[in-house]
Amino acid sequence: MFFRNAFSIFVLMLNNKPIGIFDSGYGGLTVFRSIFGQLPGYDYIYLGDTARAPYGNRSFQTIHQYTWECVQWLFKQGCPLVILACNTASAKALRTIQQHDLKNEDTSKRVLGVIRPTAEVIGNYTASKEIGVLGTKGTVNSGSYLIEIGHFAPDVQVYQQACPLWVPLIENGEHDKPGADYFVKEYLDQILAQSAGIDTLLLACTHYPLLAEKIKAYSPADIKVVAQGDIVAASLVDYLQRHPEMDEKLTRNGTQHFFTTTDDTADFDHYAEIFFSAKVKSSYAEVKC
Ligand code: DGL
């Protein structure tokens, strides 16, 4: 019975053309949750590179190498479309993948990120036209949000703050413990000190929604705290409407498969459930080329 079920999953995966969703670890699951909410019928493969996370403090070359290895792995599983549900990977690797790496692949494959869709709409959230962007060191140092928001909402002033300790806190399950309060307050105080006019804080890291309650608790009551999940999901819906050639390729058997690069899948399942708000049963992915 077990082998028959495993075999049917294998055959289903073989024929599926799923949407691939990638993150360095668990954070992308907050985006996947929103995407699945808006596009429930499609097939999905989620890959978390948990063995090599966090990416946030790593070099450009390393982030690009790891991300491209994971994207190639998702392509091998049959995904014609991969979403980098990770700001750090979107900031540091997406452009090289789109402009260079994909040229040596099947040219119909696509890789999309989370920064552009967010930058397209974030200007609509602010009345004061001042936004605070909270992200990893990699995302902040790349200047991607300054460039992209400047492009779509040139009248908006963008302030940035790197929060390098938030991802390790979250990945280690410490985000809802009292000890996390100190580090939440630390970075919030720093961004809010940059301008009294900031009325919107963008959580520009897919892990940060897990800290959203604490971030709200330590921010002035009239500040909006914006997570990206629903924004990215709405943008994907729009993308598939504008690209029927891709939409027709994607299969719709309603399957979800989760993969982790850590051999301890039970550990992944435990944390993934917190991010995804549903039970997760993952498998090990041997990604390294
Ligand atoms: N979830 C990734 C992001 O959105 C975080 C990264 C990490 O440091 O691995 O940036």
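For the structure, see preceding data.
Residues numbered from 1 in each chain as written. Predicted model: local features only at pLDDT ≥ 70, side-chain atom pairs only at ≥ 80, totals over all residues. Heavy atoms only, no water.

(A) The arrangement of the sheet that holds strand β2 (residues 44-48) in detail. The strand order across the open sheet built from six strands is β4-β3-β1-β2-β9-β10, with neighbouring strands paired in parallel fashion. Each end of this open sheet is capped by a strand with a single partner; those strands are β4 (110-112) and β10 (282-284). Strand-to-strand twist across the sheet, computed as the mean angle between neighbouring axes with direction ignored, equals 25°. Looking at chain direction, strand β1 (residues 19-23) and β2 are connected through five bridges and run parallel. When the sheet's bridge partners are listed, I19 is paired in β2 with Y44. Against the sheet, helix α14 (residues 265-276) touches β2, β9 (256-260) and β10, its axis set at about 125° to β9. (Pairing = 2+ DSSP bridges. Helix = DSSP H or I, 4+ residues; strand = E, 2+ residues; numbered from the N terminus. Axes fitted to C-alpha atoms, helices over the stretch in contact; angles between N-to-C directions. Contact = heavy atoms within 4.5 Å.)

(B) Inspection of the packing of aromatic side chains at higher detail. Under the definition given, this model contains 18 aromatic pairs. Seen in terms of ring centroids, F32 and F36 are 6.5 Å apart; in terms of plane orientation they differ by 75°. Their pairing is edge-to-face. Remark: F36 and F32 occur in helix α2 (residues 28-38); sequence separation between them is four residues, near one turn of the helix. The class of F32 is buried, set by a relative accessible area of 0%. Residue class for F36 comes out partly exposed when judged on its relative accessible area of 27%. A ring pair is formed by F258 and F276, whose centres lie 5.3 Å apart and whose planes are at 70°; its orientation type is edge-to-face. (Phe/Tyr/Trp six-rings, centres within 6.5 Å; stacked < 30°, edge-to-face > 60°. Buried < 20%, exposed > 50% of the residue type's maximum accessible area, 1.4 Å probe, protein only.)

(C) Region of the structure containing the site of the ligand. Around the ligand lies a shell of 13 residues, among which S24, Y55, G56, T88 and T206 are the nearest. Side-chain polar atom of D23 to a nitrogen atom of the ligand: 3.1 Å apart, as the coordinates give it. At a separation of 2.7 Å, a nitrogen atom of the ligand approaches a polar side-chain atom of T206. Protein coverage of the free-state accessible area of the ligand, which is 300 Å², stands at 99%. By residue class, the composition of the shell around the ligand is five nonpolar, seven polar and one charged. (Near = heavy atom within 4 Å. Polar contact = N/O pair within 3.5 Å; in protein donor to acceptor, adjacent residues only side chain to side chain. Areas by Shrake-Rupley, 256 points an atom, 1.4 Å probe, with all protein chains shown as cover. Nonpolar A, V, L, I, M, F, W, Y, C, P; charged D, E, K, R; others polar.)

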